[in-house]
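Structural overview for review
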Amino acid sequence: MKIWLTAAALAAASTFAHASQNVITVYQDPNCGCCSGWVEHMRDAGFEVKAIKTTDMVSIKQKLGVPMNLSSCHTGVVDSTGQIIEGHVPARAVHKLLADSSVKGVSAPGMPLNSPGMGMLDGNLVTVDFSGRPFSRD
């Protein structure tokens, strides 16, 4: 019986740890519809997203260390790791980010038309890490 209880406790802890990885706080302009589209994309992919509407995006990006040349219209932070998701990064790339704790953040710079919240993924969207190196192609 003790073995079963221990196994159940470990499984629950593992599930909780995985669930906490799926919580993202996103800062977005209150008037931006494409940001809301990205939030829905992430929720549809199983992430819990807490959206905070703010008109002070520049100082948030500066505080979080988002390179200005890679900036976009919204900024997400993975609550459990502190990793940054800048702009319309697809959920698949976020899963890849979560698998590599050495990557501080990823970006889909600007507002690419072939990205979640902007349009349909076409296999040609390149996200980059915060050093500007290609990270994912979706």
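Quick notes on the rules
Residues numbered from 1 in each chain as written. Predicted model: local features only at pLDDT ≥ 70, side-chain atom pairs only at ≥ 80, totals over all residues. Heavy atoms only, no water. Helix = DSSP H or I, 4+ residues; strand = E, 2+ residues; numbered from the N terminus. Buried < 20%, exposed > 50% of the residue type's maximum accessible area, 1.4 Å probe, protein only. Contact = heavy atoms within 4.5 Å. Areas by Shrake-Rupley, 256 points an atom, 1.4 Å probe, with all protein chains shown as cover. Pairing = 2+ DSSP bridges. Axes fitted to C-alpha atoms, helices over the stretch in contact; angles between N-to-C directions. Salt bridge = Lys/Arg side-chain N within 4 Å of Asp/Glu carboxyl O. Core = buried A, V, L, I, M, F, W, Y, C linked by side-chain atoms within 4.5 Å. Right-handed = clockwise from strand over helix to strand, strands pointing away.

Here we come to the overall build of the chain. When helices and strands are tallied, the chain shows four helices and seven strands. Secondary structure elements in the chain, listed N-terminal to C-terminal, are α-β-α-β-α-β-β-α-β-β-β. Within the span of the chain, comprising 138 residues, buried residues form 42% of the whole. In the chain, of all internal contacts separated by at least 6 residues, the share reaching a separation of at least 24 is 53%. Element-wise, carbon and sulfur atoms account for 59% of the exposed surface of the chain, whose accessible area totals about 7300 Å².

Spatial ordering of the open sheet is given by β2-β1-β3-β4-β5-β6-β7, a layout of seven strands whose pairing is mixed. The open sheet terminates on both sides in strands that have one partner only, identified here as β2 (48-53) and β7 (134-137). Strand-to-strand twist across the sheet, computed as the mean angle between neighbouring axes with direction ignored, equals 20 degrees. As defined by bridge partners, strand β3 (residues 74-78) adjoins strand β4 (residues 84-87) across three bridges and the pair is classed as antiparallel. By the bridge assignment, Thr75 is partnered in β4 with Glu86. Against the sheet, helix α2 (residues 33-44) touches β1 (23-28), β2, β3 and β4, its axis set at about 175 degrees to β1.

Looking now at the pattern of salt bridges. Taken as a whole and judged by the stated rule, the model has five salt bridges. One salt bridge in this structure joins Lys61 and Glu86, with 2.5 Å as the shortest N-O distance. Note that Lys61 is positioned in helix α3 (residues 57-64) and Glu86 in strand β4, a separation of 25 residues in sequence. Of the residues examined, Glu86 reaches a relative accessible area of 0% and is grouped as buried. For Arg92, the salt bridge is made with Asp138, and the minimal N-O distance between the two is 2.6 Å. With Arg92 in helix α4 (residues 91-98) and Asp138 in the segment after β7, this residue pair connects regions lying 46 residues apart in the sequence.

We now examine the nonpolar core. Ranked by internal contacts, the top residues of the largest apolar core, which has 19 residues, are Ile24, Met42, Phe47, Ile85, Val89 and Val94. Among the elements of the structure, β1, α2, α4 and β5 (105-108) are those that each provide at least two residues to this core. In terms of residue count, α4 provides more of this core than any other element does, five residues in total. Beyond its immediate stretch of four places on either side in the chain, Ile85 contacts Ile24, Trp38, His74, Thr75, Gly76, Val78, Val94, Leu97 and Val106. With six residues, the next largest nonpolar core counts Val66, Leu70, Val77 and Phe130 among its residues.

Right, let's get into the pairing of β5. Taking every second residue as pointing to the same face, both faces of β5 are buried, with Gly105 and Ser107 on one and Val106 and Ala108 on the other. Looking at chain direction, β4 and β5 are connected through four bridges and run parallel. Considered in β5, the bridge of Ile85 is made with Val106. You can see the chain leave β4, run along α4 and come back into β5, and the turn it takes is left-handed. The pairing of β5 with strand β6 (residues 126-129) spans two bridges and is classified as antiparallel.

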